[in-house]
Amino acid sequence: MKYLHTFAEKCNGCNTCMSVCSQLYFKVDDPEKSAIKVSAAGKNSFALSVCNQCRVCVAECPTAAITVNKLGVVMINKTLCINCLACVAACPTDVMMTYRGGLVPFKCIACDACAKQCPTGALKIEVKED
Amino acid sequence: MSTNEAKYDIEKFKKAHKILKEFSYELKPVVKGYNDRTLYINLATLEIKEKPVPAAMKKKFIGGKGFDLKLLWDAVSGSTRWDSPENEICIATGPIAGNTNYPGSGKSLVTTISPQTGIPIDSNVGGHFGPYLKFSGFDAMEIQDKSDRDVIIYIDGNQGKIQIFEAPLEALDSHVLAEQLHEMYAANEREKQHVSVVSAGRGSEHAWIGCLNFSYWDKRRKLPRLKQAGRGGIGTVFRNKKIKALVVKYSGLTGKSNNPVDLETLQKTGLKLHKEIISLDDKQCQMRTIGTAHLVEIMNDYDLLPTKNFRFGSHPDAVKLASWVWKKYFTQNVPDGCWYGCTMSCAHGVDNFELKTGPYKGHKVLVDGPEYETVGGCGSNPAIFDPDAVIEINFYCDTYGLDTISFGTLTGFIMDCYENGILNKERTGGLEMTWGNWRAALEMMHQIARGEGFGLVAGKGVKYMQEYFAKEYGADAQFLKDIGMHGKGLEQSEYQSKESLAQQGGYYLTNKGPQHDEAWLIFMDMVNNQIPTFEKKAEALHYFPVFRTWFSLQGLCKLPWNDVEPADNAEQDEPNKVPAHVQNYVDIYNAITGEKIDKKELMLQSERVYNFQRVFNLKMGHGKRPDDYPPYRAMGPVTAEEYESRAERYDKALQEKQNINPQGKSTEEKIKLLRQYREQQYESLIDAVFKRRGWSRDGVPTVEHLKEIGMDLPELIELVKKHL
Ligand code: SF4
Ligand code: SF4
Ligand code: SF4
């Protein structure tokens, strides 16, 4: 499966990834609308939260709007989603995201956009066996 | 799993349809949880019309069961019987219903004048029909009068179109009919989830315990699921009106379909409960893996699981029906919510179950359930300790349109009569109705479906049989009265109330009959002794029935209220009320409707409708104190065998509560003494409860009380005055 591997120890907290992600998918620079979240985890250290493609949410979705694509990435079909947020609650790592006023949840689809721009190499798309 | 393509000749069915009536209506969005209109259909005149919901109706009746009862009240008179043309079937949701965020928000409420009780019955049922009806444009629908041929009513909620048509060829049994209609109305596989079907079955045509099946499409199983509006014979009325099915189709559901005023609060509150359920359910009720069937061994351990027609509360073989057995049968790891967004997900099913009897013998079917009530009713109560048999009974009850609770309780009654010589093989037409004989029980059910033999008698329920056996076979009427587990004509649901006075009230001081959806007080009363005095019992018998009525005003499921509790619930004041969840309800109601109610107003909303229903019973010639008594078996030991089975408990009670030394007394004497005491206790309970509810000694809501709660509608005042 393809996923975004994070190396939090390399993160310098510049928030570039959040800008890239929210701009790509929501056309705004807004951390609330980024599928990856950077948060402070002590002095000069940061935590990175992002989907690891574990598939727990897939089983939870009542309309089968969440599926796994050929590359092993977990995807949401917006037209099937009825906005119940069950997947948000079910995600063991709290990375199925929502924003205030939003209806369809969103998540990292391992597109590589943020990783390409990360100045420290803290993000990397990798493939692991299912 | 196979797909259904080409399983049925849908084109042939369609060709045989004859349109009787078409009706168009204007599509309008739901605003703050309401459409402010209802749908009226008359099957004899074929009139279809919209009715506006006046502001006063909204204020006093809120929605759901409140709307149903108001429409039904206006349609019937005191002399209306279940099969009178003016009787209606009303289906409603409620302002909160249909939201996809808060678990348990998709219930339909169904009412009619019951063939079993002669008063309004109401049933709270899952499936997608109610919410789709709502988003198609109607807060409720009422169907009056009868057709002279089998019809289907179709509502297209995206086009604003309603059709009534003759439908001669589709199946009658629900598991087939629902599948046919999902297929017929979906242009492709994906559209099947936008369809919902209401149907009964062949059994409903011949029995008074007919139920309705409300469907939803299960995308993963590629089959319709069936949820039952079980109690009180609504399916019987449905088939008496010659309705084959109701079908609604609606696409476009979103988290905003109710147009709530405060989406954020709704989402936040829903998410909070989703998280609670997902993290705590495994440690608490295991609804997500087993559902209500998790209760079987708990009830057995506390001596509360009905066995042998409620003689006893436990049985050594009950482990064969325990939760871990069901867990193995139920397909795991699939979302089993009966409405979108219910993470409680308790509506489990058994897949690929091979039937051993009846017209579908050899078929591999999907069985919805069994839930606890079915296991208690169709398993332990007739002493059928074979899970396969329980599943098969469950399946046939559903597809024939028969209520599993009534079927279970009446089967227990029949087996009891058989053992006592009131029935024999000759009288049952060859059915050997001995304890545990599931083949005979199933054959009796197939007879109901075919409309023949002893099944015709059995299907009319316990009350009918009591009278029939006394008249036809000269059986002891008092004994039949003592062991016939019904109140007002409705069979009791599946808990032992013998040792809990409060639960006797919880069952029998109810509006529709002994059904556990008003109050379940056994643990509070018997196990934890939290309500020792009459006043405390009366307070509980006021609070819980009134509070729980609110679910039915809103189109909510009761289970997410207290089948999961916040981790700190036990530390709260009054943990039995689950105060944090009650606050959630206040919050989501306000978030959707824009009102500003608090917990007190929530109770008042319910209390108005609760009292209205009581007065409705009065209108139908019932609803007074004499209607509110249990059969003695619900209160104590009828036979020596029952007394002996709990001799220690009863002897102690005689000594401690009545100051009678049991030594040297015969069991019969002791039964009599205990009975006197318990019957007296029940009288005192009624006095206390009626007083707390603001009713007269006779059980009639007083004028002052109706004024106090703001339900002093002229018609009600006029009616109660005649009885005060
Ligand atoms: S969103 Fe959460 S639950 Fe879904 S695949 Fe990603 S990490 Fe797993
Ligand atoms: S919010 Fe959408 S994607 Fe998530 S579980 Fe609900 S329907 Fe599925
Ligand atoms: S708790 Fe169970 S019955 Fe209630 S709405 Fe959820 S799935 Fe349906």
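Residues numbered from 1 in each chain as written. Chains lettered and ligands numbered in written order. Predicted model: local features only at pLDDT ≥ 70, side-chain atom pairs only at ≥ 80, totals over all residues. Heavy atoms only, no water.

### Remarks on the overall build of chain B
Put simply, the rule reads: Each helix corresponds to a stretch of at least 4 residues labelled H or I by DSSP, and each strand to a stretch of at least 2 residues labelled E; elements are numbered beginning at the N terminus. It is over C-alpha atoms that the radius of gyration is taken, and the globule rule equals 2.2 Å times the number of residues to the power 0.38. Accessible area is worked out with a 1.4 Å probe on protein chains only. A residue is then buried under 20% of its type maximum, exposed over 50%, and partly exposed in between. Throughout, a residue-residue contact means that at least one pair of heavy atoms, one from each residue, lies within 4.5 Å. Two residue types count as positive, namely Lys and Arg, and two as negative, namely Asp and Glu; His and chain ends fall outside the count. Working definition for charges: the position is that of NZ of Lys, CZ of Arg, CG of Asp or CD of Glu.
If you tally the helices and strands in chain B, you get 28 helices and 17 strands. Expected size for 724 residues packed as a compact globule is a radius of gyration near 27 Å; at 24 Å, chain B falls within 12% of this value. Overall size of chain B, expressed as C-alpha extent along the three principal axes, is 80 × 60 × 55 Å. Within chain B, buried positions represent 67% of all 724 residues. Put simply, 71% of the contacts in chain B that link residues at least 6 apart link residues at least 24 apart. Taken together, the 92 basic and 97 acidic charged side chains of chain B have centroids lying 2 Å from each other.

### Considering the site of ligand 3
All names here are of chain B. The criterion, for reference: Near, as used in this document, describes a residue that has one of its heavy atoms within 4 Å of the molecule or strand being considered. Note that Gly is not counted as nonpolar here; it falls among the polar residues with everything else outside the nonpolar set of Ala, Val, Leu, Ile, Met, Phe, Trp, Tyr, Cys and Pro and the charged set of Asp, Glu, Lys and Arg. Throughout the structure description, domain borders are defined by an automatic or database domain assignment.
Around ligand 3, the surrounding shell consists of G104, K107, D336, G337, C338, C342, M344, S345, C346, C557, L559 and P560. Among the residues making up the shell around ligand 3, the classes are represented as seven nonpolar, three polar and two charged. The two domains that each donate at least three residues to the shell around ligand 3 are domain 2 (281–491) and domain 3 (501–564 + 596–721).

### Some details on the site of ligand 2
Looking at ligand 2, the residues that line it are C61(A), P62(A), T63(A), I66(A), I76(A), C81(A), I82(A), N83(A), C84(A), L85(A), C87(A) and P105(A). Its residues assigned to classes, the shell around ligand 2 shows 10 nonpolar, two polar and no charged.

### As for the pattern of salt bridges
Residue and element names in this part refer to chain B. Stated precisely, the cut-off is as follows: By definition, a salt bridge exists where a carboxyl oxygen of Asp or Glu is found within 4 Å of a side-chain nitrogen of Lys or Arg.
Summed over the entire model, instances satisfying the criterion amount to 56 salt bridges over all chains. Note that R37 is salt-bridged to E50, the shortest N-O span being 3.4 Å. Of the two residues, R37 is situated in strand 2 (residues 37–42) and E50 in strand 3 (residues 48–52); the sequence distance between them amounts to 13 residues. In this structure R37 comes out as buried when scored by relative accessible area, which is 4%. Judged by relative accessible area, E50 falls into the partly exposed class, the value being 32%. A salt bridge links R692 to E539; the nearest nitrogen and oxygen atoms lie 2.6 Å apart.

### Observations concerning the domain arrangement of chain B
Size of an interface: often given as the accessible area lost when the parts come together. All names here are of chain B. For the record, the criterion: As used here, buried area is the combined drop in accessible area, with a 1.4 Å probe, of two parts when they are placed together.
Once the domains are mapped, chain B shows domain 1 (10–249), domain 2 (281–491) and domain 3 (501–564 + 596–721). Spacing between the C-alpha centres of domain 1 and domain 2 amounts to 26 Å. Each side of the interface is counted separately: domain 1 has 49 residues, and domain 2 has 45 residues. In total, about 3700 Å² of surface goes out of reach between domain 1 and domain 2, with carbon and sulfur atoms giving 55% of it. Interface area lost by domain 1 to domain 2 is led by I209, R221 and R231, which between them contribute 19%.

### Some details on the packing of aromatic side chains
Definition in use: We call Phe, Tyr and Trp rings a pair once their centres come within 6.5 Å, taking the six-membered ring for Trp, and we label the pair stacked below 30 degrees between planes, edge-to-face above 60, and tilted otherwise. Look at NZ for Lys and CZ for Arg. If either is within 6 Å of the ring centre and within 35 degrees of the ring normal, a charge sits over the ring.
The final tally for this structure, using the stated rule, is 47 aromatic pairs over all chains. Between W520(B) and F523(B), the ring centres sit 5.2 Å apart and the planes meet at 75°, which makes this aromatic pair edge-to-face. A relative accessible area of 23% means that F523(B) is categorised as partly exposed. In textbook terms, an aromatic cluster arises when at least three aromatic residues are bridged by ring pairs, as seen for Y102(B), Y543(B), F544(B), F547(B), W550(B), F551(B), W561(B), Y585(B) and Y589(B). We note K10(A) situated over the ring of F7(A); from NZ or CZ to the ring centre the distance is 5.2 Å. In this structure, K49(B) packs its charged tip against the face of Y40(B), placed 5.1 Å from the ring centre.

### What about the sheet that holds strand 10 (residues 195–199) of chain B?
All names here are of chain B. Cut-off, in case you're wondering: Only when DSSP finds a minimum of two bridges between them are two strands counted as paired. Angular values range over 0 to 180 degrees, each being the angle between N-to-C directions of two axes fitted as lines to C-alpha atoms, with helices fitted over their stretch in contact.
As summarised here, the arrangement of the seven strands in space is 1-9-8-13-10-11-12, forming an open sheet in which the pairing is mixed. A single partner strand is all that each edge strand has here, and the edge strands are strand 1 (18–24) and strand 12 (223–229). Between one strand axis and the next, the sheet turns by 20° as a mean value, whatever way the strands run. Sheet topology note: the strand 8 (residues 151–156)/strand 9 (residues 161–166) ladder contains six bridges and is antiparallel.

### Overview of the nonpolar core
All names here are of chain B. What counts here: Take the buried Ala, Val, Leu, Ile, Met, Phe, Trp, Tyr and Cys residues and link them wherever side-chain atoms come within 4.5 Å; each set so joined is a nonpolar core.
If you look at the biggest cluster of nonpolar residues, it comprises 184 residues, and the most contacted ones within it are W326 and F469. At 10 residues, helix 20 (residues 534–554) tops the list of elements feeding residues into this core. Each residue touching F469, except ones within four places of it in the same chain, is listed here: F413, C417, I422, L423, F454, V457, G474, A475 and L480. One finds V30, I89, V110 and L490 within the second-largest nonpolar core, a separate group that totals 45 residues.

### Observations concerning the interface of chain A and chain B
So the rule is basically this: Nitrogen and oxygen atoms within 3.5 Å of one another constitute a polar contact, given that in protein one can donate a hydrogen and the other can accept it, and given that sequence-neighbouring residues count only through two side-chain atoms.
Taken together, the contact pairs 22 residues of chain A with 23 residues of chain B. When chain A packs against chain B, the two sides together hide about 1900 Å² of surface, and 58% of this comes from carbon and sulfur. On the chain A side of the interface with chain B, the three residues burying the most area are I82(A), A89(A) and L103(A), jointly 25% of the side's total. Put simply, R288(B) and E60(A) hold a salt bridge, and the shortest N to O gap is 3.0 Å. Counting across the chain A and chain B interface gives 10 residue pairs in polar contact (both at pLDDT 80 or more). Only helix 2 (56–60) and helix 3 (86–90) of chain A provide two or more residues apiece to the side of chain A that touches chain B. Broken down by element, the residue count for the side of chain A that touches chain B peaks at four residues, all from helix 3 of chain A.

### Here we look at the packing of helix 20 of chain B against helix 23 (residues 599–619) of chain B
Residues and elements named next belong to chain B. For clarity, the threshold we go by: Each angle gets one of four labels, with under 35 degrees taken as roughly parallel, over 145 as roughly antiparallel, 65 to 115 as roughly perpendicular, and the rest as oblique.
Between helix 20 and helix 23, the shortest axis-to-axis distance is 8 Å and the interhelical angle comes to 90°. It follows that helix 20 is roughly perpendicular to helix 23 by the angle criterion. Taking contact as the criterion, the partners of H542, Y543, P545, V546, F547, T549, W550, L553 and Q554 in helix 20 are, on helix 23, L602, M603, Q605, S606, E607, V609 and Y610. When grouped by side-chain class, the residues that make up the contact of helix 20 with helix 23 number 10 nonpolar, five polar and one charged.

### A few points about the pairing of strand 6 (residues 120–125) of chain B
Residue and element names in this part refer to chain B. Extensive coverage of strand 6 is indicated by the burial of five of its six residues. Direction of pairing for strand 5 (residues 108–113) relative to strand 6: antiparallel, over a ladder of six bridges. For L109, the partnering residue across the bridge sits in strand 6 and is N124. Counting the residues that bridge the hairpin from strand 5 to strand 6 gives six residues, and of these G118 lies at a positive phi of roughly 75°.

### Describing helix 18 (residues 501–508) of chain B
All names here are of chain B. Most of helix 18 sits inside the fold, with eight of its eight residues counted as buried. Among the residues of helix 18, those classed as buried are L501, A502, Q503, Q504, G505, G506, Y507 and Y508. Against the buried residues of helix 18 lie strand 16 (486–487), helix 19 (522–527), helix 20 and helix 26 (667–693).

### Things to note about the packing of helix 11 (residues 372–380) of chain B against helix 13 (residues 404–419) of chain B
Residue and element names in this part refer to chain B. Quick note on the threshold: Here a crossing is taken to be left-handed if its near helix is turned anticlockwise relative to the far helix by less than a right angle, and right-handed if that turn runs clockwise.
Interaxial distance between helix 11 and helix 13 falls to 7 Å at its minimum, and their mutual angle equals 25°. With respect to their mutual orientation, helix 11 and helix 13 come out roughly parallel. By crossing handedness, the relation of helix 11 to helix 13 is classed as left-handed. For the pair helix 11 and helix 13, contact is made by E373, T374, G377 and C378 and by T404, I405, F407, G408 and T409, respectively. Residue classes in the contact of helix 11 with helix 13 are distributed as three nonpolar, five polar and one charged.

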